[in-house]
Amino acid sequence: MSHRDTLQALADARPRSLDPSGRPDPALIMAQPRPESTTRTARRPVRPLVLAGALPAVALAAAGAILLNNASGPRAPLVQPAVSSPAPVDVPADAGGLLLVAAEQSESAPAAAGRYWVVRAEHGEGTRRVQDERWLAAAPDLPSAAYVRDADGGSWTSRPMQGHTAENNFLLAGTPRSARELATLPTTPAKLKDKLLAWYADTGATEGRDQFLFYSGAALVLDLPVSPQVRAAAYRMLAAMPWVTSLGRVTDQLGRPGVAVTVTRQGDFGKAQTRLIIDPTTGQALAQETWVADSPASWTAVIAARWSDDGLPQASALR
Amino acid sequence: MTHAEPNERFTALYHAHHAQVYAYAVSRAGRKLADDVVADTFLVAWRRLDAIPAAPLPWLLGVARNVIRERYRDDIRQAGLATELRAWVAEADADIADGVAERAAMLAALAGLGEDDREALTLTAWQGLSAKAAARVVGCSTATFFVRLHRARKRLEQAMSDAVTVDRHPPVRIPDQEYAR
């Protein structure tokens, strides 16, 4: 095959998924403020190409941004304008307080184990929504599988998850962990944090330590198979992080009421906010959402997470 | 300058290049992150409208490249990309049109290449960029890009000829929602 033919064959093999399913209205972008001139702000060193994307402080304040370096301590819940809020008053206003409530509630859940950790969730990104149910092997020599369907219902399609075993099935802040590693996590917040930081050092991740701890803690409470004690320890670890702030009462993308805590990443252009939404009455984490420019960009809402000792079901058996 | 003028210029830019920026974002970070990358890229373009050169596409893709690198944790991007690359092969396999085996083999070979190789090849074959334009995107000289493209093409051909022994579904290392959507 000649070089030219190779490039032509590659061009012919272009995947269809490179084509966008739609084109959002550019008015959303043009609604953002445009600087009169591209003068440099002295606030932070940033690379020249993306410099002008840095949001002026005024725009951040107007957008209701919550910055990572906000002081901790009690404050009024900051409810985003788009969110309706029935307002019972029994939830602490500050992130630390409500995470501690969640810790206490979740600690009383019964412990369990099984051959499969089964998580049903709905994922959204832009206008696309899909539901999946993942059967993640937690015992040796078992295959794993995922089942997907349209978020509006319909029948399930089975997708084998090749290479997924109890040794690597569980993603914690971007790195795969085994069922055994999760089962042996410490149950006190300080020791849990030490363990996570040891993993952080191992991964050589370039992101900040604080980000890593938040994402790890969120994963532990949201959809990883850990004991109620580890889950409570993760909540307490998050509660001790001053850069985690409260949004008060919110509704997740499935319409379920909860309370949200959040971290905001300030990139060189704009901010991305990650929300962890919790049902304060059960301590169960409901969803994790990424918000960009005050609208949800992508999200995962956990519908159910449970243990099973059954074998992999047929897709047609799922309801 | 009137207010209408930047709006019109931006709208034209957006409609002309949205699909290309999206395609680049998918090929670099996976479709899961692509919408975010595209939105951020055009937000930068909106704010720097006066700085955009006459041939905007290489500039836009260069911004997208920086957006991806600056904004996402590397493990998140790699997980998204790994999922994407597997999905390409799986979707090509599932296709029932002619020439499917070759397409799937090509995409599997591409998935096995290093990121720089894949970028050089896809900017050329999928974005249709000249070596000069692609060099602007990746930030090197045109001569350097030619060398990179040449080497990448040779490695792709090698991977294609090795394909019989290549496991098309190697064990994955980052299990984040690994099904092929």
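Small disclaimer: the values here were computed from a predicted structure and weren't measured. (Residues numbered from 1 in each chain as written. Chains lettered and ligands numbered in written order. Predicted model: local features only at pLDDT ≥ 70, side-chain atom pairs only at ≥ 80, totals over all residues. Heavy atoms only, no water.)

Caption draft 1: Here's a closer look at the confidence of the model for chain B. Residue and element names in this part refer to chain B. Summing up the model confidence of chain B, the mean pLDDT is 81 and the portion of residues at 70 or higher is 84%. The secondary-structure element of chain B with the lowest mean pLDDT is helix α4 (residues 74-94), recorded at 78, while helix α6 (residues 115-125) shows the highest, at 92. Taken together, the chains of this predicted complex give a pTM of 0.50 and an interface ipTM of 0.80. (pLDDT = per-residue confidence, 0-100. Helix = DSSP H or I, 4+ residues; strand = E, 2+ residues; numbered from the N terminus.)

Caption draft 2: Structural view of the packing of helix α2 (residues 31-47) of chain B against helix α3 (residues 56-71) of chain B. Residues and elements named next belong to chain B. Viewed as axis vectors pointing N to C, α2 and α3 meet at an angle of 120°, and their least axial separation amounts to 9 Å. As summarised for this structure, α2 and α3 are arranged oblique, according to the angle between their axes. For the element pair α2 and α3, the recorded crossing hand is right-handed. Between α2 and α3, the contacting residues are Asp36, Val37, Asp40, Thr41, Phe42, Val44 and Ala45 on the first element and Trp59, Leu60, Val63, Ala64, Val67, Ile68 and Arg71 on the second. Taken together, the residues of the contact of α2 with α3 sort by class into ten nonpolar, one polar and three charged. (Axes fitted to C-alpha atoms, helices over the stretch in contact; angles between N-to-C directions. Parallel < 35°, antiparallel > 145°, perpendicular 65-115°, else oblique. Left-handed = near helix turned anticlockwise from the far one by under 90°. Contact = heavy atoms within 4.5 Å. Nonpolar A, V, L, I, M, F, W, Y, C, P; charged D, E, K, R; others polar.)

Caption draft 3: Local environment of the packing of aromatic side chains. Under the criterion given, the structure shown has nine aromatic pairs over all chains. Between A:Phe214 and A:Tyr215, the aromatic rings sit 5.9 Å apart at their centres with planes inclined by 80°, giving edge-to-face as the arrangement. By the burial criterion, A:Phe214 is buried, and A:Tyr215 matches it. Grouping aromatic residues by their ring pairs yields a cluster made of B:Phe10, B:Tyr14, B:Phe42 and B:Trp46. Sitting over the face of the ring of A:Trp199, A:Arg177 holds its NZ or CZ atom 3.9 Å from the ring centroid. A cation over a ring is seen here: A:Arg275 above A:Trp291, with NZ or CZ 3.6 Å from the ring centre. (Phe/Tyr/Trp six-rings, centres within 6.5 Å; stacked < 30°, edge-to-face > 60°. Buried < 20%, exposed > 50% of the residue type's maximum accessible area, 1.4 Å probe, protein only. Lys NZ or Arg CZ within 6 Å of the ring centre and 35° of its normal.)

Caption draft 4: Here's a closer look at helix α7 (residues 131-138) of chain B. Residue and element names in this part refer to chain B. With six of eight residues buried, α7 is to be regarded as a mostly interior element. Of all the residues in α7, the buried ones are Ala131, Ala133, Ala134, Ala135, Val137 and Val138. Gly139 sits one or two residues past α7 and shows a positive phi near 80°.

Caption draft 5: The side chain of A:Thr290, seen in detail. By the element assignment, A:Thr290 lies in strand β10 (residues 284-292). When neighbours within four sequence positions are excluded, A:Thr290 is seen to be in contact with A:Gln273, A:Thr274, A:Ser295, A:Pro296, A:Ala297 and A:Ser298.

Caption draft 6: Focus on the nonpolar core. Ranked by size, the top nonpolar core spans 66 residues in total, and within it A:Leu10, B:Phe10, B:Phe42, B:Leu110 and B:Leu121 carry the most contacts. For this core, the element with the highest residue contribution is helix α1 (residues 4-29) of chain B, accounting for ten residues. Those residues within four positions of B:Phe10 in sequence are excluded, and the remaining contacts are A:Pro26, A:Ile29, A:Met30, B:Phe42, B:Ala45, B:Trp46 and B:Leu49. Residues A:Ala95, A:Tyr235, A:Val261 and A:Ile278 belong to the second largest nonpolar core, which totals 51 residues. (Core = buried A, V, L, I, M, F, W, Y, C linked by side-chain atoms within 4.5 Å.)

Caption draft 7: How the structure looks around α4(B). Compared with an ideal rise of 1.5 Å per residue, which puts 21 residues at 30 Å, α4(B) spans 30 Å between its outermost C-alpha atoms and is within 8% of the ideal. Among all positions of α4(B), only B:Asp75, B:Arg77, B:Ala79, B:Gly80, B:Leu81, B:Thr83, B:Glu84, B:Leu85, B:Ala87, B:Trp88, B:Val89 and B:Ala92 are buried. (Expected span 1.5 Å × (residues − 1).)

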